[in-house]
Amino acid sequence: MKCVELQKDFYYVGVVDHALKVFDVAVLTDYGTSYNSYLLKTDEGVVVFEGNKAVTAEEYLDHIRSIARIEDIRYLVVTHTEPDHSGAIESLLELNPQITVIASAAALMNLDKILRKPFNRKPMTPNGTMNIGQYTFRFISGMLLHWPDVMFTYIEELKVLVSCDAFGAHFASDEILLSKEPDKEGYYKALKYYYDHIIGPFPSYVIQACDRVSALDIKMICPGHGPVIDDDIKKQIEIYRSLAEPSLPKNDPNHVTIVFASAYGYTRKMAEYFKERFEKDGKQVSFFEISALNYAEVKPQIYEEIRTSGLVLLGSPTLVGDAIVLFYDLLNGLVWPLVQGKKAAAFGDYGWSGEAVKNLSERLAQLKFNVIPGFRYAFKLDEQGEKELAEFYDRLAA
Ligand code: FEO
């Protein structure tokens, strides 16, 4: 692996891993990945940006050594502390304990728990600046892209933005520079996949970050994974914005999504009652009856309707002490930042013990929905059941 001089005195010293097949247990890496680190030579010593993964520490240190002496490193700038970026910091600090780590307060707190030993530190603050030698570093919040600790660094004189996971992709490129990478189609596929799986839960923070970095004159984005973006920066930021915008949650109080399953019609009766009442009250109702036959087909549409709804109702009978398993698959595809505060409730009939409504309500609460206590009734609604159902509707509509 070559260490590329990206600009005068500014080098790529990361590690490219073509062999990785899966990242963080669940994220497939069809194009491998890289753990990017950068090195800047200044009049006042060497600055390294980002650590590396613990298992790639030796390669990372060798790459640094090929450009500068470890003893000459004065600062380590840490954008984000997930261990694929922080795991090798321990090895670096063992070799040079004089290094001062520059990071956000949240990142320093994480590093205390990762390193479990004292180290020299300098907290960065959003919009703060710091001069090292002939260079000015400006720190920009990258909050929740994708952890609370993320802080970008803009090196003013080089017009470089160091962004860690943001604008990154699990894509191993020996070219290092995106402008030289021949497989652009693969790169953009990997970028979208990476966005969807890593950054996607936080679209409103992505838009805020795009606004912040759009105001800068950027020549290069140096992410934590994938090639360095050295061409058409504006387009790259707009791609990120366009990935975020369609998933922004809306919570429209006039839009209700009802998703239900019904084996013998009792839960369907409840769902139809809600639909009729909400429509009479002038609400838009998105109505889905699911079964093993149609679930895969309607699932994407259900997610889209949930995204814009102010109220979500899940109706399931109880089957062997729990809700129909399709509902757990549906809920597993939701993440709390996209549904937090939305009103939701569960309903359904039951035969023996009726756990479905309680269990679905608990899962909805874990996802930070604003959960309204649910409604269940044994088998068929009678006069008493219809009265209770109407009272439940009043609580939903309140
Ligand atoms: Fe690449 Fe959030 O770590």
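S.K.: Explanation requested: the sheet that holds strand β13 (residues 135–141) in the structure shown.
M.R.: A sheet is described by the order of its strands in space; here 5 strands give the open sequence β12-β13-β14-β15-β16, paired in mixed fashion. Strand pairing shows two members of the sheet lacking a second neighbour, β12 (129–132) and β16 (220–223), which therefore form its edges. The average undirected angle you get between the axes of adjacent strands in this sheet is 25°. Summarising the sheet, β12 and β13 pair through 4 bridges and their orientation is antiparallel. In the sheet register, Met 130 faces β13, and the bridge partner there is Phe 137.

S.K.: Would you mind showing me how to read the packing of helix α5 (residues 184–199) against helix α7 (residues 233–244) here?
M.R.: Each pair of packed helices can be summarised by the angle the axes make with each other and by the distance between the axes. The interhelical angle for the contact between α5 and α7, taken along N-to-C directions, is 45°, at an axis separation of 11 Å. By the criterion of interaxial angle, the relationship of α5 to α7 is oblique. The element α5 and its partner α7 pack so that their crossing is right-handed. Across the interface between the two elements, Tyr 187, Tyr 188, Leu 191, Lys 192, Tyr 195 and Ile 199 from α5 touch Lys 235, Gln 236, Ile 239, Tyr 240, Leu 243 and Ala 244 from α7. For the contact of α5 with α7, the per-class residue count stands at 9 nonpolar, 1 polar and 2 charged.

S.K.: Whenever I open this one, the side chain of Arg 241 confuses me. Can you help?
M.R.: Among the secondary structure elements, Arg 241 is positioned in helix α7. Polar contacts involving the side chain of Arg 241 include one to the side chain of Asp 211, which spans 2.8 Å. A polar contact is formed between the side chain of Arg 241 and the side chain of Glu 238, at a distance of 3.1 Å. With residues up to four places along the chain from it excluded, the contact list for Arg 241 reads Ile 207, Cys 210, Asp 211 and Ser 214.

S.K.: Looking at this model, I keep getting lost on the packing of helix α6 (residues 203–214) against α7. Mind explaining?
M.R.: Where α6 meets α7, the closest approach of the two axes is 9 Å, and the angle between their N-to-C directions is 160°. Looking at the two axes, α6 sits roughly antiparallel to α7. For the pair α6 and α7, the crossing hand works out as left-handed. Along the contact surface, α6 presents Pro 203, Val 206, Ile 207, Cys 210, Asp 211, Val 213 and Ser 214, while α7 presents Ile 237, Glu 238, Tyr 240, Arg 241 and Ala 244. In the contact of α6 with α7, the residues fall into 8 nonpolar, 1 polar and 3 charged.

S.K.: Looking at this model, I keep getting lost on empty space enclosed by the protein. Mind explaining?
M.R.: Where empty space is left in the structure can be found by rolling a water-sized probe over the atoms. What the rule picks out here adds up to 1 cavity of 30 Å³ or more. What the largest cavity holds in volume is close to 30 Å³. In terms of lining, the largest cavity is formed by Tyr 12, Val 16, Ser 34, Asn 36, Phe 171, Ser 173, Ile 176, Gly 226, Pro 227 and Val 228. Residues that form the lining of the largest cavity fall into these classes: 6 nonpolar, 4 polar and no charged.

S.K.: What should I look at first to understand the packing of aromatic side chains in this one?
M.R.: Aromatic rings in a pair are described by how distant their centres are and how their planes are angled relative to each other. Considering all chains together, one arrives at 19 aromatic pairs under this definition. Between Tyr 187 and Tyr 188 the ring centres are 4.9 Å apart and the planes differ by 75°, which places this aromatic pair in the edge-to-face class. In this structure Tyr 187 comes out as buried when scored by relative accessible area, which is 0%. With centroids separated by 6.5 Å and ring planes inclined at 75°, the aromatic side chains of Phe 202 and Trp 336 adopt a geometry described as edge-to-face.

About the cut-offs
Residues numbered from 1 in each chain as written. Predicted model: local features only at pLDDT ≥ 70, side-chain atom pairs only at ≥ 80, totals over all residues. Heavy atoms only, no water. Pairing = 2+ DSSP bridges. Helix = DSSP H or I, 4+ residues; strand = E, 2+ residues; numbered from the N terminus. Axes fitted to C-alpha atoms, helices over the stretch in contact; angles between N-to-C directions. Parallel < 35°, antiparallel > 145°, perpendicular 65-115°, else oblique. Left-handed = near helix turned anticlockwise from the far one by under 90°. Contact = heavy atoms within 4.5 Å. Nonpolar A, V, L, I, M, F, W, Y, C, P; charged D, E, K, R; others polar. Polar contact = N/O pair within 3.5 Å; in protein donor to acceptor, adjacent residues only side chain to side chain. 1 Å grid on protein atoms, 1.4 Å probe; cavity = no way out; pocket = protein on both sides within 12 Å on 5 of 7 lines; lining within 4 Å. Points joined across faces, edges and corners; volume = space filled by probe spheres on them. Phe/Tyr/Trp six-rings, centres within 6.5 Å; stacked < 30°, edge-to-face > 60°. Buried < 20%, exposed > 50% of the residue type's maximum accessible area, 1.4 Å probe, protein only.

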